[in-house]
Amino acid sequence: MIVSIHVDELILETVTSININMISTQTKIGIVGAGTTGLYLAILLKNRGFDVSLFERAPQPRVDGCGILMIARGLQALSIYDKKLSDEIIQAGVKVNTYEFRNLKGEIAFSNSAAEAEAKNGFPAVVVHRKDITEALLRRVSSENLYFDHSLESVESNNSKVIARFRNGQFWEGDLLIGTDGLNSKVRNFVQSDIQPSYLGDIVWRGIAPDNYMFSEGDFVVYIRARGVYANAFNIGQNRCHWGFFVECEQPEDEKGLHSPRNTQIPLEELAKLPDTIRQTIEMTPQENIVCRYSYDINPIQRIVVNRVIILGDAAHAKSPSRAQGMSSGLEDAVEFVNYLTLSATIDEALTTFEKDRLPILHELQRTSREISQTTGRTKKLQTV
Ligand SMILES: Cc1cc2nc3c(=O)[nH]c(=O)nc-3n(C[C@H](O)[C@H](O)[C@H](O)COP(=O)(O)OP(=O)(O)OC[C@H]3O[C@@H](n4cnc5c(N)ncnc54)[C@H](O)[C@@H]3O)c2cc1C
């Protein structure tokens, strides 16, 4: 029987005491997608001695992106590998002291201290540039296990083997394939072909502005959704301020499923709804520091395993960013799945029990994240999960 264990010492104790019928470390494991979920999985699996290959479609490490809020559970998941890793992320970012909720006049509606949660969790929440997280993970992945320019085309699997074929003509054959290839996962098409990203009703612009001293370090500021807009802003240190601006918008018929709208200009009439502090921060951001995309999640899916293939991270449970659970839940998937592999007698047992135990937790995160998007001041209701 598998128990979900979160502390590495406990796993080692349990492994030592059971120590029967373990899955062989000769097991060949392929991972598709070197985002944070895939990178962390590769580190943990390699650390357990498995034969791991990580395939990424990009030609080089992807260190793009903006700031994110990493909640305590994400740091806790990283500390399972090595406390130095979670400490590095804390050092690279800024610890959140206060969550401050403002209305569109800029007045503080309410604020919550982060101190109690930090004391309870044993880890802070931090705001940090995504690049700093990716780089910290990349430093721990051996280059001989990492294959760039490998865009997955197709997967074949029976109950003992799996073959992954790539656009560059290469293929990989092994015992287990893990899809961590994000929202538009190709591996997911193999596992469950009828799941498409579901539009959340917003276009989101995100950017990194030079710090204008309008947002103090340690404050996570949210402009509560009203009149069809919503925003957040936080200082990620080193003279950088991250902001996100969400605008409710119908998706035109011919843009359904697109990553970004064709017109990526921020509508001035929407920007004008924001108070000066955040509006000026957005206005002073260099164009090259701004990214624009449609916001999507996916509906909870009933299976994440088929034969010797499993999907994890956003590929399995992309969710609305409203609870900032996305990256952390992918890192937790990695920790939990490696626990199941380490403690199971067979790969099939690990896959089956992990799926059964983990899916209800993930579905709950997806449901609550979408519910918040749906209920906080939105002018147009979203489809329910
Ligand atoms: C607007 C917004 C704000 C967010 N804010 C936060 C936040 O504050 N806090 C938080 O925790 N989370 C946040 N998230 C969510 C978070 O970004 C994701 O949950 C997280 O990055 C998922 O990581 P992943 O590794 O599972 O997937 P991804 O990061 O999407 O990585 C997938 C990887 O797979 C590769 N890939 C894709 N297709 C293929 C293929 N065919 N072959 C090979 N490789 C492939 C991609 O190039 C990529 O490197 C936010 C998301 C959005 C959209």
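Residues numbered from 1 in each chain as written. Predicted model: local features only at pLDDT ≥ 70, side-chain atom pairs only at ≥ 80, totals over all residues.

Asks: An account of the sheet that holds strand β6 (residues 108–113) is requested, with residue identities and associated values reported.
Replies: One open sheet accounts for 7 strands, arranged β6-β5-β14-β15-β16-β13-β17; its pairing is mixed. One side of each edge strand has no neighbouring strand; the edge strands of this open sheet are β6 and β17 (290–297). Averaged over all pairs of adjacent strands, the angle between strand axes in this sheet comes to 20°, irrespective of strand direction. Bridge count for strand β14 (residues 219–226) against strand β15 (residues 229–237) is 5 bridges, and the pairing is antiparallel. Bridge pairing links F220 to F234 in β15. Helix α9 (residues 276–283) contacts β13 (198–210), β14, β15 and β16 (240–248) of the sheet and is inclined by roughly 105° relative to β16. (Pairing = 2+ DSSP bridges. Helix = DSSP H or I, 4+ residues; strand = E, 2+ residues; numbered from the N terminus. Axes fitted to C-alpha atoms, helices over the stretch in contact; angles between N-to-C directions. Contact = placed C-beta atoms within 7 Å.)

Asks: Any chance you could break down the environment of P300 for me, citing the residues and the numbers?
Replies: Considering the arrangement of structural elements, one finds P300 in the loop between β17 and β18 (305–306). As for P300 and I163, which are separated by 137 residues in sequence, their C-alpha atoms are 26 Å apart.

Asks: I'd like to hear about unusual backbone geometry, residue by residue, with values.
Replies: Although it is not a glycine, D149 adopts a positive phi angle of roughly 60°. The topology assignment puts D149 in the loop between β8 (146–147) and β9 (152–157). Non-glycine residue N307 carries a positive phi angle of around 50°. Under the C-beta neighbour-count criterion, N307 is labelled partly exposed, with 19 such atoms within 10 Å. (Buried ≥ 20, exposed ≤ 12 C-beta atoms within 10 Å, placed from the backbone.)

Asks: Outline the packing of helix α3 (residues 72–81) against helix α4 (residues 83–92), supporting the account with residue identities and numerical values.
Replies: It is the contact of α3 with α4, at a shortest axis distance of 5 Å, that shows an interaxial angle of 140°. With respect to α4, the axis of α3 lies oblique. Residues L75, L78, S79 and Y81 of α3 pack against K83, L85, S86, I89 and I90 of α4. Within the contact of α3 with α4, the residues separate by chemical class into 6 nonpolar, 2 polar and 1 charged. (Parallel < 35°, antiparallel > 145°, perpendicular 65-115°, else oblique. Nonpolar A, V, L, I, M, F, W, Y, C, P; charged D, E, K, R; others polar.)

Asks: Go over the sheet that holds strand β19 (residues 309–311) with me, naming the residues and quoting the values.
Replies: Spatially, β8-β2-β1-β12-β19-β18 is the arrangement adopted by the 6 strands of the open sheet, whose pairing is mixed. Looking at the sheet topology across the chains shown, the edges are occupied by β8 and β18. Note that strand β12 (residues 176–179) and β19 share 3 bridges and pair parallel. Paired with I178 across the bridge in β19 is I310. Strand contacts of helix α2 (residues 36–47): β1 (28–32), β2 (51–55) and β12, with the helix running at about 165° to β2, the strand carrying the most contacts.

Asks: Please set out the domain arrangement of the protein chain residue by residue, giving values where relevant.
Replies: Per the domain assignment, the segments of the protein chain are domain 1 (8–60 + 148–197 + 301–375) and domain 2 (198–297). Listed by partner, the interface residues are 9 residues for domain 1 and 4 residues for domain 2. Residues of the side of domain 1 that touches domain 2, tallied by class, amount to 3 nonpolar, 4 polar and 2 charged. (Domains from an automatic or database assignment.)

Asks: Go over the nonpolar core with me, naming the residues and quoting the values.
Replies: By size, the foremost hydrophobic cluster in this structure holds 96 residues, and its most contacted members are V187 and A231. At 9 residues, the largest contribution of residues to this core is made by helix α11 (residues 326–343). A domain-level breakdown of this core finds at least three residues from each of domain 1 (8–60 + 148–197 + 301–375) and domain 2 (198–297). Ignoring anything within four residues of it in the chain, the contact list for V187 reads V32, L152, V155, L177, G179, D181, V309, I311 and A315. (Core = buried A, V, L, I, M, F, W, Y, C linked by C-beta atoms within 7 Å.)

Asks: So what's going on with the site of the ligand? Which residues, and what values?
Replies: The immediate surroundings of the ligand are formed by 33 residues, with G33, G35, G182, G313 and G326 found nearest. At the level of elements, α2, β3 (67–70), β13 and α11 are the ones that each hand at least two residues to the shell around the ligand. For the shell around the ligand, the residue count by class is 13 nonpolar, 13 polar and 7 charged. (Near = placed C-beta within 6 Å.)

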